[in-house]
Amino acid sequence: LLFNCSHTKSVTNIKESLQDKILSSSSLNSRSRDMFGLRCLPGECVLQRAVLVKKKLWEAGGDSSLVGTLFCTHFRVAFLPEDSRVAEDSSDPVLLGEHDIALASIEKVVAVGPSRTKIVTPNSSLKFIPEELILYCRDLRVIRFQFDRLTPETQATEITCAIAKTYQPLKPGALFLFQTAALGSVEMKQFLSNRQRDPQMNWFEGARDWERELERTGATSWRVTAVNDRFEMATSLPRFNVVPQKILDTELKKTFAHFSEGRIPRWCWHHPLGSDLLRMASFQNNIYHEKDDIRNLEAMLFGRQQQCVVVDLGEDMPVPLDVQLAHTRLRALCLGDISASITVPDEKWLSALEGTHWLDHIKACLRKSTEVACLLRDGHLTVILQEPDDRDLNCVVSSLVQLMCDPHSRTLLGFQSLVQKEWVVAGHRFLSRFNYQKDSDKEESPVFLLFLDCVWQLWAQYSSHFEFTGDYLLALHDSAHLPLFTTFLSNCQRERSRRSQHLSQSYTPVKGWREPSPESADPLLPSVWDWELQYGPPRLARFRHPVGSLPRPGAVPNGSLRHPSPQRPSEGGCAGQGSVFLLSRGSLTSPSHLLPWRGGGGPGASRKSHRRAPSSESLLKPWAKPEPGPGQGPLLPLLLGPCVQVWRACYLRGALQAQARQPTPSGHPVDQLATEVQQLQEQLNRAAGVRRLDRPGKRVDTRRPDPSPGLHRGSNNCTFLFSGHRAPGPGDPRCNPAPPLIHPRPSRDSKRTFLFSHPGVANGGSGAAEQRYAPPPTARKPRNSDHSLYS
């Protein structure tokens, strides 16, 4: 299947179309799995290869390389090292090997010659012999291949042209044509159809899945409804939803019209201390509310509780457009100029990172989730997340809250079930937000990647509380950039169901019932959770913590964490039944316009819905619960600049390759800055130790403790939840016996962002969970401790 070309090669003037080669090779025997030593997938064909190619490998101490053969198929760019072990023919194939790159995940193809560098596109020409091939990927990887002088010049030129010709669809909307070519062979369809789902994972696609979740969390007074089974009530909602038991389906159908896109208040999770978490879209304007409608709407909002807190995510949270702009700036900063090796000056890197506002968005999401987690923990409430369309930030906050509060969500299968529940079946617009087809640029926004970064921040601060590792999160991040999984290729369950439906049998009077032709059916797309299809055993082994190294949290049912029921406050000491409060910008208020039918004081208006801040304060304080034991309390992250770090293993893994042809041993400029900060921190610690020796009778404490943790009174007479962060107590598992001495002053609107800690901690090493939190003012600090400023 190899073809020849001259040194001056036009990618568009290839004699035989690559698509024709793919079609002509589809009739090859499926047993011909090894082509030129490469074990191909079922139906996969090799378009071009180049021998004696070096793949650059970048490590902390410098660079190295592997020598092997580079292949370009109609699905991937595969690199086969010379000393690689040949896989057994009976073993199941893997979509991507350790050194493979999916064509659909490539963003730019750059050819480097003796004196010039050129971005190669399907419509460009290559007028020089490339000495190096650089592949810029959508997941921020940068892969570099160097052609040896013994590599035939024809092979170096043609494989570069072949990759440029096939790595992207030629026009918007051609994504599924690529999938048909990659996974549409008869052999591949048969292989994917035989794959089975993990029975231990909850997929939330049937009524029984939701019933198991209600049973696991210990939620009562809720039921699973199939009123939207045919997606007639709301096209973006799942088939099955959880609503209060006392609302009948006939009454429920009348409530869909009162919410944007029909996304009614729906149950998400039950806190073991009695609160319930719901999510909904904004109310529709100019809707007349009849008396029966008001009764049903309030029954849905309050559930079985007496008080309701609506959390507005539209004011102090980033909108999808902000997320897209920040991520674009972050990519440009981490990768530099995509066509040349230009290093960002050291003195401007930190300010440039701050200007992306990516870390600011992360802190905003974590802060809001922390507020919601504490609301759920502190009282018998119904907390409702409200977003205009209920399909972006509601997914982020609801998932983070459950990660903070529910140990089951921090297991690998529990986390995957959480993503299924709050993202996949809940109707997050994966296809539009990732913009795989390049036909909806205005809708593009990596909201899911923002969520994964927030999860990594929690994992970095509490790594011993998670069963999965940073390698697992990185694999999920990379899989989101590969448009081959049904998980990310639809905007809602309705679209996903239509796309995954098989053709039904057809009946004719002569031939009777006939099965559909396999060639006429769409390719079966796998789920992203089928990790064995994507990676081999060595990579999968790194998804979980090694046995014996870290305590693995068990899949404890959330409903089993029982605590004594507190005394319910008297009517005079708290808000009355039917009171609704608004949590916005860190404060609790009770505006009259929060519920449309209560604003005018007409029928159904509550006389107790206008209580001010004192009522909101008593709403939480009298019902405050004691902190649960170790491993049961919420994982509340520190939001100070030194604690919210850059996900180095994700964002900076391609920085060296993109910005430095000959990297220095010290690595990325940010690594140099982190080393300098580390040295300064050690000097400050030694100086502080000398001061303690000079003044033994007085303890030096540079931390400024929060005089009033928890609730804080603001100047506008509202109750602020988190104007400062509460220091953990001596028995708190978050307490660190060796904290950093210099600690920034807490600030909600701080613009100072520090990046990295010691490399071992930043990479999630064994010390990642031991150097996170500062002790209370009564704790003493060891003299000879080695600390690192999270900068």
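What you are looking at is a predicted structure, and each value in this text was computed from that prediction instead of being measured.

Undergrad: I would appreciate a short explanation of the overall build of the protein chain in the present structure.
TA: Helix and strand content of the protein chain: 24 helices and 24 strands. Relative to its full complement of 791 residues, the protein chain shows a buried share of 57%.

Undergrad: Explain helix H12 (residues 412-424) here, please?
TA: An α-helical turn contains 3.6 residues, so a residue and the one three or four places further along point in the same direction. A rise of 1.5 Å per residue sets the reference length of H12, with its 13 residues, at 18 Å; its end C-alpha atoms lie 17 Å apart and thus fit the reference within 8%. Most of H12 is tucked away: 13 of the 13 residues are buried. One side-chain oxygen at the N-terminal end of H12 lies 3.0 Å from the backbone nitrogen of Gly-414; it belongs to Thr-411.

Undergrad: Is there a simple way to think about the confidence of the model for the protein chain in this case?
TA: Low pLDDT marks regions whose predicted coordinates should not be analysed in detail. Confidence in the prediction of the protein chain, expressed as mean pLDDT, is 74, and 65% of residues score 70 or more. Confidence drops under pLDDT 50 across residues 550-556; counting only partners more than four residues distant or on other chains, this segment forms 19 contacts. In the model, residues 600-631 has pLDDT below 50 throughout and makes 76 contacts with residues more than four positions away in sequence or in other chains.

Undergrad: Would you take a moment to explain helix H15 (residues 470-479) for this structure?
TA: Of all ten residues in H15, nine are buried, a share of seventy percent or more. Buried within H15 we find Gly-470, Tyr-472, Leu-473, Leu-474, Ala-475, Leu-476, His-477, Asp-478 and Ser-479. Those residues of H15 that are buried are in contact with H12, helix H14 (447-461), helix H17 (531-534), helix H18 (537-541) and helix H21 (648-651).

Undergrad: Honestly, the pairing of strand S13 (residues 222-225) in this entry has me stumped. Any pointers?
TA: For a regular strand, the rule is simple: side chains alternate between the two faces of the sheet. Because side chains alternate across S13, one face comprises the buried residues Trp-222 and Val-224, and the other comprises Arg-223 and Thr-225, equally buried. Looking at chain direction, S13 and strand S14 (residues 241-244) are connected through four bridges and run antiparallel. Its bridge partner lying in S14, Arg-223 is registered against Val-243.

Undergrad: Would you explain a nonpolar patch on the surface in this entry?
TA: Taken together, Leu-52, Val-67 and Leu-150 make up a surface patch of nonpolar side chains, about 240 Å² in accessible area. Note that Val-67 resides in strand S5 (residues 62-73).

Undergrad: What should I look at first to understand the packing of aromatic side chains in this one?
TA: Between two aromatic rings, the relevant description is the distance of the centres plus the angle of the planes. For the structure on display, the rule yields 28 aromatic pairs. Between the aromatic rings of Trp-423 and Phe-430, the centroid separation amounts to 6.3 Å while the plane-to-plane angle is 35 degrees, which identifies the pairing as tilted. Relative accessible area serves as the criterion here: at 0%, Trp-423 is assigned to the buried category. When the ring of Phe-468 is compared with that of Tyr-472, the centres are 5.3 Å apart and the planes differ by 45 degrees; the resulting orientation is tilted.

Undergrad: Even after reading the chapter, I still don't get the nonpolar core, so can you show me in this structure?
TA: It is characteristic of soluble globular proteins that their nonpolar side chains tend to be buried jointly. With 114 residues, the main nonpolar core has Leu-400, Phe-415, Phe-448 and Phe-451 as its most contacted residues. At twelve residues, H14 tops the list of elements feeding residues into this core. Two domains each donate at least three residues to this core, and these are domain 1 (19-169) and domain 2 (207-505 + 523-542). Once residues lying within four places of it in the same chain are set aside, the contact partners of Phe-448 are Val-419, Trp-423, His-428, Phe-430, Phe-434, Leu-476, Ala-480 and Phe-488. Residues Ala-219, Val-227, Ile-384 and Trp-597 belong to the second largest nonpolar core, which totals 36 residues.

Undergrad: In this structure, what is going on with the pattern of salt bridges? I would like to understand it.
TA: Note that side chains of opposite charge can pair when their charged atoms are close. Summed over the entire model, instances satisfying the criterion amount to 33 salt bridges. As a salt-bridge pair, Asp-229 and Arg-239 come within 3.7 Å of each other at their nearest N and O atoms. With Asp-229 in the loop between S13 and S14 and Arg-239 in the loop between S13 and S14, this residue pair connects regions lying ten residues apart in the sequence. What makes Arg-239 partly exposed here is its relative accessible area of 23%. Taking the shortest distance from any N to any O, the salt bridge between Arg-263 and Asp-390 comes out at 2.9 Å.

Undergrad: Can you help me understand unusual backbone geometry in this one?
TA: Leaving glycine aside, a negative phi is the common case for residues, and trans is the common case for peptide bonds. The backbone of Phe-204 shows a phi angle near 55 degrees, a positive value even though the residue is not glycine. With respect to the secondary-structure elements, Phe-204 resides in the loop between helix H4 (186-193) and helix H5 (207-217). Judged by its relative accessible area of 2%, Phe-204 is buried. One non-glycine residue, Arg-585, adopts positive backbone phi at about 55 degrees.

Undergrad: How should the packing of helix H10 (residues 358-378) against H14 be read in this particular structure?
TA: Packed helices, taken two at a time, are described by the angle between their axes plus the distance between the axes. Orientation of H10 relative to H14, taken along the N-to-C sense of each, is 70 degrees, at an axis distance of 10 Å. In terms of orientation, H10 lies roughly perpendicular with respect to H14. Of H14, the residues touching H10 (which contributes Trp-358, His-361, Ile-362, Cys-365 and Leu-366) are Leu-449, Leu-450, Asp-453, Cys-454, Gln-457 and Leu-458. A class-by-class count of the residues in the contact of H10 with H14 yields eight nonpolar, two polar and one charged.

Undergrad: How should I be thinking about the packing of helix H11 (residues 393-405) against H14 in this particular structure?
TA: The interhelical angle for the contact between H11 and H14, taken along N-to-C directions, is 20 degrees, at an axis separation of 10 Å. The angle between H11 and H14 places the two elements in the roughly parallel class. For H11 against H14, the interelement crossing comes out right-handed. Side by side, H11 and H14 meet where Val-396, Ser-399, Leu-400, Leu-403 and Met-404 of the first sit next to Val-447, Phe-451, Cys-454, Val-455 and Leu-458 of the second. Here the residues of the contact of H11 with H14 are counted per class, giving nine nonpolar, one polar and no charged.

Undergrad: Explain the environment of His-270 here, please?
TA: In this structure, His-270 sits in strand S15 (residues 266-270). Measuring from C-alpha to C-alpha, the distance between His-270 and Ala-219 comes to 5.7 Å, with 51 residues separating the pair along the chain. Within the structure, the side chain of His-270 is placed 3.3 Å from the backbone oxygen of Ser-275, a separation counted as a polar contact. Within polar-contact distance, the side chain of His-270 engages the side chain of Asp-276 at 2.7 Å.

Undergrad: Just to check I follow, could you spell out the environment of Leu-473 for this structure?
TA: Within the element layout of this structure, Leu-473 appears in helix H15. For Leu-473, a relative accessible area of 0% translates into the label buried. Each C-alpha atom of the pair Leu-473 and Cys-650 lies 9.4 Å from the other, and the pair is 177 residues apart in sequence. Contacts of Leu-473, omitting those with residues within four sequence positions, involve Phe-415, Val-455, Trp-456, Trp-459, Phe-468 and Trp-647.

Undergrad: Before we go on, may I ask you to explain the side chain of Arg-496 in this structure?
TA: Among the secondary structure elements, Arg-496 is positioned in helix H16 (residues 493-500). Notably, Arg-496 is buried but unbridged: the nearest opposite-charge side chain belongs to Glu-205, and the N-O separation is 6.6 Å. Contacts of Arg-496, omitting those with residues within four sequence positions, involve Val-424, Phe-430, Thr-486, Thr-487 and Ser-490.

Calculation rules
- Residues numbered from 1 in each chain as written.
- Predicted model: local features only at pLDDT ≥ 70, side-chain atom pairs only at ≥ 80, totals over all residues.
- Heavy atoms only, no water.
- Helix = DSSP H or I, 4+ residues; strand = E, 2+ residues; numbered from the N terminus.
- Buried < 20%, exposed > 50% of the residue type's maximum accessible area, 1.4 Å probe, protein only.
- Expected span 1.5 Å × (residues − 1).
- Polar contact = N/O pair within 3.5 Å; in protein donor to acceptor, adjacent residues only side chain to side chain.
- pLDDT = per-residue confidence, 0-100.
- Contact = heavy atoms within 4.5 Å.
- Pairing = 2+ DSSP bridges.
- Patch = residues over 30% accessible without salt bridge, like charges linked within 9 Å, V, L, I, M, F, W, Y side chains within 5 Å.
- Areas by Shrake-Rupley, 256 points an atom, 1.4 Å probe, with all protein chains shown as cover.
- Salt bridge = Lys/Arg side-chain N within 4 Å of Asp/Glu carboxyl O.
- Phe/Tyr/Trp six-rings, centres within 6.5 Å; stacked < 30°, edge-to-face > 60°.
- Core = buried A, V, L, I, M, F, W, Y, C linked by side-chain atoms within 4.5 Å.
- Domains from an automatic or database assignment.
- Axes fitted to C-alpha atoms, helices over the stretch in contact; angles between N-to-C directions.
- Parallel < 35°, antiparallel > 145°, perpendicular 65-115°, else oblique.
- Nonpolar A, V, L, I, M, F, W, Y, C, P; charged D, E, K, R; others polar.
- Left-handed = near helix turned anticlockwise from the far one by under 90°.
- Lys, Arg positive; Asp, Glu negative; His and termini not counted.

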